[in-house]
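Coordinate inspection notes
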Amino acid sequence: MRKKIVAGNWKMNTLPAEGVELAKGVAAGRAEVCSCVNFIVCPPFTHLWQVVETLKGTDIAVGAQDCATEAKGAYTGEIAASMIAALGCKYVILGHSERRQYYGETSATLNRKMEQAYANSLTPIYCVGENLEEREAGRHFDVVKAQIEEVVFNLTAEQFADLVIAYEPVWAIGTGKTATAEQAQEIHAYIREVLRSKFGAAADECPILYGGSCKPSNAQEIFAKADVDGGLIGGAALKAEDFLAIGKGF
Ligand code: PEP
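This structure is a prediction, so every number in the text was calculated from the model and none was measured. (Residues numbered from 1 in each chain as written. Predicted model: local features only at pLDDT ≥ 70, side-chain atom pairs only at ≥ 80, totals over all residues. Heavy atoms only, no water.)

Let's talk about the packing of aromatic side chains
Between two aromatic rings, the relevant description is the distance of the centres plus the angle of the planes. One pass over the full model with this rule turns up seven aromatic pairs. For the ring pair Phe160 and Phe199, a centre distance of 3.9 Å and an interplane angle of 5 degrees mean the geometry is stacked. Within this pair, whereas Phe160 is found in helix α8 (residues 157-160), its partner Phe199 is found in helix α9 (residues 181-199), the two being separated by 39 residues in sequence. Classification of Phe160 as buried rests on a relative accessible area of 2%. Since its relative accessible area comes to 13%, Phe199 is described here as buried. Plain terms: the ring middles of Tyr167 and Tyr210 are 6.5 Å apart, the flat faces sit at 50 degrees to each other, and that makes the pair tilted. Of this pair, Tyr167 sits in strand β6 (residues 164-167) while Tyr210 sits in strand β7 (residues 208-211), and the two are 43 residues apart along the sequence. (Phe/Tyr/Trp six-rings, centres within 6.5 Å; stacked < 30°, edge-to-face > 60°. Helix = DSSP H or I, 4+ residues; strand = E, 2+ residues; numbered from the N terminus. Buried < 20%, exposed > 50% of the residue type's maximum accessible area, 1.4 Å probe, protein only.)

Topic: the site of the ligand
The full set close to the ligand counts 14 residues, and Lys11, His96, Glu168, Gly174 and Ser213 are the nearest of them. Side-chain polar atom of His96 to an oxygen atom of the ligand: 2.7 Å apart, as the coordinates give it. Isolated, the ligand exposes 290 Å² of accessible area, and the fraction of that covered by the protein chains is 95%. The residue makeup of the shell around the ligand, split by class, is four nonpolar, eight polar and two charged. (Near = heavy atom within 4 Å. Polar contact = N/O pair within 3.5 Å; in protein donor to acceptor, adjacent residues only side chain to side chain. Areas by Shrake-Rupley, 256 points an atom, 1.4 Å probe, with all protein chains shown as cover. Nonpolar A, V, L, I, M, F, W, Y, C, P; charged D, E, K, R; others polar.)

A look at the side chain of Arg30
Among the secondary structure elements, Arg30 is positioned in the loop between α1 (16-29) and β2 (37-42). For Arg30, the side chain forms a polar contact with the side chain of Asp59, separated by 2.7 Å. Excluding its chain neighbours within four sequence positions, the residues that come into contact with Arg30 are Ser35, Val37, Phe39, Asp59, Ile60 and Leu244. (Contact = heavy atoms within 4.5 Å.)

Written as structure tokens, this is what we have:
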């Protein structure tokens, strides 16, 4: 049985007090959702610590949205994976399309970030996905395959056993356009096949999340698909009620 996961990427939203309120709201309604669903929230760095404190004693995990390529030292403005782990975080989102697009993250960068994450016992939520032009040119399978081969294929079997993948078509992120449940299943199944070619049966244990305008009204249909193990949620993660309702989609 693969883990069912609903992870919230708060991006550059919420001030510390707002983040704490949001986390409290998620914690308050959590019992209404099946305990089989693993909730993760990923606030901005500035209040990771406060959100970890707020969620202590609950089963809601906290993750960061990125980490540095280096372990420590003269890297002004960067946040090391060890610092994130020291706060009590368990996850780190890596390779989000906004980081690839706006901050020039490449597979080379991401290989180093993945190493840092594992060296500090953080589980990476590794994001892959094609843009609109690539989808329209029918290149989405090749794009996603390359993003996996260039990074995930460098992991050991032990590391791979502690990985979450998020498929997020760039054209569906924050646009209100969602991939259909069939489109999601098609590419999730393909991703699993690619993973199987390298890691064998362990691919069947890897949670693959869908991300891109996922909301309470479409989560159920998408999560019903065999190879969709949950969602990475942006906009709808900023309202506790919506985030929890997405969890009820299983
Ligand atoms: C995201 O950026 O991870 C995301 C899925 O955003 P949204 O749900 O807002 O499309």
